[in-house]
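Here is how the chains run, residue by residue.
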Amino acid sequence: MKPCFDCGIQYSPWVMQFDHINPFQKKFTIADMINGSLEDLKKEISKCQVVCANCHAERTHKQRSSASEKMMQESEVHEWTT
Ligand SMILES: [Zn+2]
């Protein structure tokens, strides 16, 4: 098992999560792949970055907060100009 892509710490395998680089490429989850072929599983994993649960939570939070930050900035500008 590779160490976390973001923090570089080697955790236990059950702490590690696959983060899809491009969510639109996501065909199925790794859990669904257990019944699939090993080649398909390897292909799917190659499209992912392995991150620990902590960093995965950070990534999810950043994605959400960057969206809400943009909205806040836009509303700030709106307040200043009115
Ligand atoms: Zn990490």
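The structure we're discussing is the one just above.
Rules and cut-offs
Residues numbered from 1 in each chain as written. Predicted model: local features only at pLDDT ≥ 70, side-chain atom pairs only at ≥ 80, totals over all residues. Helix = DSSP H or I, 4+ residues; strand = E, 2+ residues; numbered from the N terminus. Buried ≥ 20, exposed ≤ 12 C-beta atoms within 10 Å, placed from the backbone.

Draft legend 1. Highlighting the overall build of the protein chain. Broken down by element type, the protein chain carries two helices and two strands. Mapped in sequence order, the helices and strands of the protein chain form the string β-α-β-α. Across the 82 residues of the protein chain, 9% fall into the buried class.

Draft legend 2. The arrangement of the environment of Met-16 in detail. Note that Met-16 resides in strand 1 (residues 16-20). In the structure, Met-16 is positioned 36 residues away from Cys-52 in sequence and 4.3 Å away in space, judged by C-alpha atoms.

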